[in-house]
Amino acid sequence: MTVTAPAASPVEFRAATRATYAVFIWAGVAMSSWASRIPQIRDDLHLTPSRLGLVLLAIACGSLVSLVASGHIVSRFGSRRTVAAMAGLLALSLLGAVIGYHFGVAPLVVGLAALGFANGAWDVAMNVQGAVVERGLGRSIMSRFHAGFSVGTVAGALLGAAMVALHVPVSLHLGVMAVVIGVGAIFAARGFAPDGASEEAASGGGLRHTLRFWREPRTLLIGVFTLAFAFAEGTGIDWINVSMIDSYHVPAAVGTLAFALYLAAMTVGRWFGPNLLDRYGRVAVVRAIAVIGLAGLLLFIFGQVTAVAFAGALLWGLGASLGFPVGMSAASDDPKVAAPRVSVVASIGYCAFLGGPPLIGFLGDHVTIIRGLIPVAVLLALAFAVAGAVRPPREGS
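Just so it is clear, the structure is predicted and the values come from calculations on it, not from any experiment.

### Details of the overall build of the protein
Phase 1 of the analysis: Assigned secondary structure in the protein consists of 15 helices and zero strands.
Phase 2 of the analysis: Expected size for 397 residues packed as a compact globule is a radius of gyration near 21 Å; at 20 Å, the protein falls within 12% of this value.
Phase 3 of the analysis: Overall, the C-alpha framework of the protein stretches about 55 × 40 × 35 Å when taken along its three principal axes.
Phase 4 of the analysis: Within the protein, the fraction of its 397 residues that count as buried is 58%.
Phase 5 of the analysis: Accessible area for the protein stands at about 15,000 Å²; split by element, carbon and sulfur atoms hold 70% of it.
Phase 6 of the analysis: Separation of charge centres in the protein, based on 25 positive and 17 negative side chains, amounts to 5 Å.

### What to know about a nonpolar patch on the surface
Phase 1 of the analysis: Together, L172, V176 and V180 make up a nonpolar patch on the protein surface, roughly 240 Å² of accessible area in all.
Phase 2 of the analysis: Residue position: L172 is located in helix α6 (residues 170-189).

### Section: the packing of aromatic side chains
Phase 1 of the analysis: Scanning the model with the defined rule gives seven aromatic pairs in all.
Phase 2 of the analysis: Geometrically, the ring pair formed by Y262 and W316 is edge-to-face, given 5.6 Å between the ring centres and 70 degrees between the ring planes. Placement of the pair is Y262 in helix α10 (residues 252-280) and W316 in helix α12 (residues 306-319), with a sequence separation of 54 residues. Here Y262 matches W316 in class, with each residue buried.
Phase 3 of the analysis: Geometry around F384 places R287 over its ring, the cationic atom sitting 5.4 Å from the centre.

### Some thoughts on the pattern of salt bridges
Phase 1 of the analysis: Here the structure, examined in full by the defined rule, presents six salt bridges.
Phase 2 of the analysis: In this structure, the salt-bridge partner of D43 is R42, at a minimum N-O distance of 3.1 Å.
Phase 3 of the analysis: In this structure R42 comes out as buried when scored by relative accessible area, which is 11%.
Phase 4 of the analysis: Between E216 and R341 there is a salt bridge, with its nearest N and O atoms 2.8 Å apart. Taken together, the residues E216 in the loop between α8 (207-211) and α9 (217-247) and R341 in helix α14 (residues 338-367) connect sequence positions 125 residues apart. Here E216 matches R341 in class, with each residue buried.
Phase 5 of the analysis: Three or more residues are tied together by salt bridges with common partners; here these are R42, D43 and D246.

### With respect to unusual backbone geometry
Phase 1 of the analysis: Phi at H46 takes a positive value of approximately 55 degrees, unusual for a residue other than glycine.
Phase 2 of the analysis: In this structure, H46 sits in the loop between α2 (38-45) and α3 (49-103).

### Details of the side chain of S343
Phase 1 of the analysis: Secondary-structure assignment places S343 in helix α14.
Phase 2 of the analysis: Residue class for S343 comes out buried when judged on its relative accessible area of 2%.
Phase 3 of the analysis: Filtering out sequence-adjacent residues up to four positions away, S343 remains in contact with L67, V68, S70, G71 and V124.

Cut-offs used in this document
Along each chain, the written sequence defines residue order, and numbers are assigned to residues from 1. Confidence filtering applies because this is a predicted model: local features only for residues at pLDDT of at least 70, side-chain atom pairs given and counted only at 80 or more, and all residues used for totals across whole chains, interfaces and linings. Neither water nor hydrogens contribute to the side-chain values; these are computed over all heavy atoms in the structure. Helical segments are the DSSP runs of H or I of at least four residues, strand segments are the runs of E of at least two, and each set is numbered from the N terminus. Note that the radius of gyration is over C-alpha atoms, with the globule rule given as 2.2 Å times the number of residues to the power 0.38. Partly exposed describes any residue whose relative accessible area lies between the buried limit of under 20% and the exposed limit of over 50%, with all areas from a 1.4 Å probe on protein chains only and scaled to the type maximum. Surface exposure here means Shrake-Rupley accessible area, sampled with a 1.4 Å probe, where a residue is shielded only by the protein chains that are shown. In this tally, Lys and Arg are treated as positive and Asp and Glu as negative; His is ignored, and so are the chain termini. Charged groups are reduced to one reference atom each: NZ for lysine, CZ for arginine, CG for aspartic acid, CD for glutamic acid. The patches reported here contain residues having more than 30% relative accessible area and no salt bridge. Joining distances are 9 Å for like charges and 5 Å for nonpolar side chains (Val, Leu, Ile, Met, Phe, Trp, Tyr). Salt bridges are defined by distance alone: a side-chain nitrogen of Lys or Arg within 4 Å of a carboxyl oxygen of Asp or Glu. Two rings belonging to Phe, Tyr or Trp (six-membered ring only in the last case) form a pair when the distance between their centres is within 6.5 Å. Interplanar angles under 30 degrees mark stacking, angles over 60 mark edge-to-face geometry, and anything in between is tilted. In this scheme, Lys NZ or Arg CZ marks a charge over a ring once it lies within 6 Å of the ring centre and within 35 degrees of the ring normal. Should any heavy atoms of two residues lie within 4.5 Å, those residues are counted as being in contact.

And the structure:
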């Protein structure tokens, strides 16, 4: 693979590395702060599993709309300005969700749709910047940026558990976090390195130009691979907490701790993943973690005691850890078209968040939420089967 790093000095790349870590961390804090309060919001709004699934669908719908256009947005405005703008929008959307929590499902859905839109473009932009830094440093660190995201999710989940245990109101918790996250992410994005000239900028192409990448077979297969792992990751984020409370009959704080353990395991997998990827290659590693994730799911679903469920959550987190960042790296193998390809892959991947909540919620109404997690295992098997698509192109191809 032949790449050309953007024109930036080593000092600028080191600064960009720190900035990228920070932006990934803030993104994780944002999503887990929201997720940690889902059970309380569900109870106060009297939502059944299927209705909760439809409410969560609003996030995925907003993300999907954003992701389809985000390749063009990032190519046009750059990752720095995109992240800054979306961080501000995400902060406002969290405040909107707080309003919905007090006034009903309709404004909550609007706030969550805006949150999804902001998160989608933020996601593509920070992954594009991660690829820029990865190429500039000359080594694979993309999964460590995603480990930063997981660090943020663990921090947000632990803080959320503390807020639940201390009976801090949902509105106060999420309102303060909205301001902190918005300011922190906007400030961090100032340290991004230049993205470099994209093929779209060079050709003067627009949205129509970026849509042509939806016809590339390898890009689409990478998208399917990413979708399967995104489904495993997102289902854990949305439903581990609720499943522990409903099926294992543990207190809310204990359910949130299981969620935090899942996120901590994902963080460990992402931090140590680069060494494994460099040594054994993408395909072998992601197939191995798919098997680990499947084992964890089976323990979580069919375990009869809380300790087994915690073990399952740990293995599930390890198994879900590398799929999404590897998909982003594979989509970014050619720097000149990284933004539109990342947009395609992320759009397909986020279909998991589009279909996952209503599917699990529907199954939860009929066979319990925890048994409704079985489709996650099927998709991990699919990821194992199509993992060959993420193999890097040969040098000079």
